[in-house]
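Letter by letter, the chains look like this.
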Amino acid sequence: MRTVRIAVIVCCLLQAAALQATIFGTVRGVVHDSQHLPVPGAKVTLKAQESDWAQVQKTNDNGEFEFSAVPIGNYTVTVTREGFQEQDQVFLVRSDSSPVLHFELALASVTQKTVVTGEAISAPTDSVTPTTTLSRQDIQLTPGADRTNSLALITDYVPGAYMVHDMLHIRGGHQYSWLIDGVPVPNTNIASNVGPQVDPKDLDYVEVQRGSYDAEYGDRTYGIFNAVPRTGFERDRECDLVLSYGSYYQTNDQINCGGHSQRLAYYGSLNGNRSNLGLETPVSEIVHDAGNGYGGFGSLIFNADPKDQLRLVGSLRRDFYQMPVDPADIANGVIQVDAQRERDGYLNFSWVRTFAHNGLLTVSPFYHFNAANYDSADFDFPNAITDHRASNYVGAQTTVSTTVVRNSIQAGFYGFWQHDNQFFGVLFNDGSNSPISDREIVTGNMEAVFVEDKFAVTPWLTLSGGVRQTYFSTPTVTENPTSPRAGVALRIPRINWVLRGFYGQFYQPPPLVTISGPLLAIVNTPADSTVPQQFIPLRGERDTEYQFGVTMPYKGWSMDIDNFRTRSHNFLDHGNVNYDFQGNPVATNIFFPLTTEDALIRGWELTLRSPRLWRRGQMHLAYSNQIAEFRGAITGGLTNFSFQPDYAPLDHDQRNTLNVGFDVTLPWRAFASGNVYYGSGFHNGQAPPDYLPGHTTVDVSVGKSLGERLSASINALNVTNSHLLIDNSNTFGGFHFNNPREVYGELRYRFHY
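These numbers come from a predicted model, not from an experiment.

A tally of regular secondary structure across the protein gives 4 helices and 42 strands. The buried share of the protein, taken over its 753 residues, is 59%. In the protein, once contacts between residues fewer than 6 apart in sequence are set aside, the share between residues at least 24 apart is 68%. By element, 59% of the accessible surface of the protein is carried by carbon and sulfur atoms, the whole surface being about 28,500 Å².

Checked against the element boundaries, Thr566 lands in strand β32 (residues 557-576). The exposure class of Thr566 is buried, given its relative accessible area of 3%. Taking the C-alpha atoms as reference points, Thr566 and Ile601, 35 residues apart in sequence, are found 5.2 Å from one another. Apart from the residues lying within four places of it in its own chain, the contact partners of Thr566 are Thr221, Asp543, Thr544, Glu545, Ala599, Leu600 and Ile601.

Of all hydrophobic cores here, the largest spans 30 residues; its most connected members are Ile154, Ile170, Ile180 and Phe225. Residue assignment for this core shows that the elements contributing at least two residues are α2 (152-155), β11 (167-170), β12 (176-180), β14 (203-209), β15 (223-229), β32 and β33 (591-609). Setting aside residues up to four positions removed in sequence, Ile180 forms contacts with Val185, Ala227, Phe297, Val313, Tyr346 and Asn348. Membership of the second largest hydrophobic core comes to 22 residues, among which are Val39, Ala42, Leu101 and Phe233.

A grouping of Leu264, Leu300, Phe302, Leu312, Leu347, Phe349, Trp351, Tyr367, Val394 and Trp417 is seen on the molecular surface, where their side chains present a nonpolar patch of about 820 Å² in accessible area. At the level of elements, β19 (291-305) and β21 (339-355) are the ones that each hand at least two residues to the nonpolar patch. Top element by residues in the nonpolar patch is β21. It accounts for 3 residues.

What follows deals with empty space enclosed by the protein. This structure, assessed with the given rule, holds 16 cavities of 30 Å³ or more. Estimates place the volume of the second largest cavity at around 200 Å³. Sort the elements by how many residues they give to the lining of the second largest cavity and strand β5 (residues 73-80) lands first, with 3 residues.

Okay, the state of the cysteines next. Counted according to the given criterion, the structure contains 1 disulfide. What pairs with Cys239 in a disulfide is Cys257, and their sulfur atoms sit 1.9 Å apart. Around the S-S axis, the bridge from Cys239 to Cys257 shows a dihedral of about 105° and counts as right-handed. Of this pair, Cys239 sits in strand β16 (residues 238-246) while Cys257 is found in strand β17 (residues 251-260), placing the two residues 18 residues apart along the sequence. For Cys239, a relative accessible area of 3% corresponds to the buried category. Taking relative accessible area as the criterion, Cys257 reaches 23% and is therefore assigned partly exposed.

Pairing in this open sheet of 5 strands is mixed, and the strands run β9-β14-β15-β12-β13 from one edge to the other. With one partner strand each, in any of the chains shown, β9 (131-135) and β13 (183-184) form the two edges of the open sheet. Pairing between β12 and β13: 2 bridges, direction antiparallel. Residue pairing in the sheet places Ile180 in a bridge with Val183 of β13.

By the secondary structure assignment, Ser275 is in strand β18 (residues 264-275). Judged by its relative accessible area of 10%, Ser275 is buried. For Ser275 and Tyr245, which are 30 residues apart along the polypeptide, the C-alpha to C-alpha distance reads 9.6 Å. Those residues within four positions of Ser275 in sequence are excluded, and the remaining contacts are Tyr248, Tyr249, Gln250, Asp289, Ala290 and Gly291. Separated by 2.9 Å, the side chain of Ser275 and the backbone nitrogen of Leu277 make a polar contact.

Our focus in this paragraph is the side chain of Ser673. For Ser673, the position within the fold is in strand β37 (residues 670-679). A polar contact is formed between the side chain of Ser673 and the backbone oxygen of Leu141, at a distance of 2.3 Å.

Criteria and thresholds
- Residues numbered from 1 in each chain as written.
- Predicted model: local features only at pLDDT ≥ 70, side-chain atom pairs only at ≥ 80, totals over all residues.
- Heavy atoms only, no water.
- Helix = DSSP H or I, 4+ residues; strand = E, 2+ residues; numbered from the N terminus.
- Buried < 20%, exposed > 50% of the residue type's maximum accessible area, 1.4 Å probe, protein only.
- Contact = heavy atoms within 4.5 Å.
- Areas by Shrake-Rupley, 256 points an atom, 1.4 Å probe, with all protein chains shown as cover.
- Core = buried A, V, L, I, M, F, W, Y, C linked by side-chain atoms within 4.5 Å.
- Patch = residues over 30% accessible without salt bridge, like charges linked within 9 Å, V, L, I, M, F, W, Y side chains within 5 Å.
- Salt bridge = Lys/Arg side-chain N within 4 Å of Asp/Glu carboxyl O.
- 1 Å grid on protein atoms, 1.4 Å probe; cavity = no way out; pocket = protein on both sides within 12 Å on 5 of 7 lines; lining within 4 Å.
- Points joined across faces, edges and corners; volume = space filled by probe spheres on them.
- Disulfide = S-S within 2.5 Å.
- Pairing = 2+ DSSP bridges.
- Polar contact = N/O pair within 3.5 Å; in protein donor to acceptor, adjacent residues only side chain to side chain.

As structure tokens, then:
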């Protein structure tokens, strides 16, 4: 089974436009005494719970304080004032949030310290976006999550997220975007890459948003991953060495170092990985499936003065994947030694400026390079294929935010210029045709502006509204859509439940790639006796989303339930050419982007997270009941599909997805964690039956600290060795089995330098 990834993919159009995001929130509060009189001059200390990052200020004459440009994460605020008892509150900061803390200081008649847990912060009224925030501790404790190529951190905690044909899917699509340190990493060709955007071991926090986005977050409809890398504030000239080894000769190794002073923090890492089990296989046997990669990451933060911060983040990666094969093909004389080589690098710079007491300006120029080169051996039979693509992105984003009375206002700009260079060639080793090749050099650009206002009508009711205007242009397509957004969040007194509702529109630009010349002539074979194939220019996907939900905090527990409904016009997908190079009606493994007329994705989602139970353990649950369907004609791309009059399931449609996990601290400085995944089965395009069988996997990890600096763990993924066909779609060559049982050991050692 040949997996030719002809740079084509649709599924994944870019959009960082989707991302006018920032990693910062604002922390506000008021301090008063038992008679509700303001306490001026109180010392307020904001401290990150997992690093040395801290800020200090004093309350004004009204007892108020405000911290701007606070990164995502868990924090403690401590208030002290002579003559009063010290008081603490712990809480979570989310991007673009503004938690308001209230402190009532008691007189210092006793020395007991009062600790107040900010439970209500887990259900903010200034956001209508369902959000999952995960820390580096979650990454280390989740089985398999810290491996370089792993996305278990997403799939184990986010409802409706799963891996199929080596691609992450979330909420019925694969158009999701990464932000690194608040800056988008644009890539119109995401689906042509299987290499990682970031090594999980480099992350401090990840904030996953799914739908109901503010206007600043743009148009990545199905998911936004706002990643906060390690900075060095959690280190004092220390290095971590991570070594692992396990089944299929796999290893995932890294060394990272960091440190900080009062004004400067730095962090850097080098990593390498390899395995004989790289991609999902077309049959249960694992043949020609090695993969390896290496890369580096760096972060630098400099506090120029109390109001100006400079940030620099960069990464370089190189990855290699053999394409797994069916031994039966080799036995029948079909030679297949295909492989893909990928490269990726980005460099983001940010200037963060606070002004007045409630304003924040962020200016971030960026550069991103991405390449995916698919090669067959020259002697491959019957065809040897070369597909090379290189993409360059240069752009910038800027945002400004301020608070005016009860209005939190944000506005900004995001734009980039893109240059794609793709070469596609075929050698006909069976003598059926002369060699053909086609090189496409395409440029495009996108600019977007937005404005958003969140109006706190009362402390328990917030109205939000915004609009995003996008301009997208290529030599063949120009579009200028307007995307309005509106939301409401209502807190119910006493029980602190927050109800929320949202309506919004999104626009997702299409891939730049096209086909022409001899290649188009080869594939321009009639799909039936009356309708010829042709390539129609791709246009952007336009989505309309309705969503409502409720967040229910209770004594440290947090449950979130939401219902969403997304209608798409020009739904971006990809399909294979239904004819081989000789025009024979077979399912080939050459894929081109396409858009279908309509898609409808709807579902219910549930997340549950516990507090630390008995100071020992914590559990989490993520469940999704989801339907993903399409209908209509092909409106863009290679039109080799028939009209679909009624809604029919997409190939990655899975109705029920469940993850239940836990971690627990054991005696003798040991720990254990686990996750159980259940999927009801993906759609079977060759019905009946309509769906493939359900599948369940169990992952576990156990470990122990061997002193202050050394720890060891054993991880077992798919413990029961449940190995079965999970996908028989036409995507990426079609048939895919899930990975069999994997066991590996890991050592972590920290040392000073």
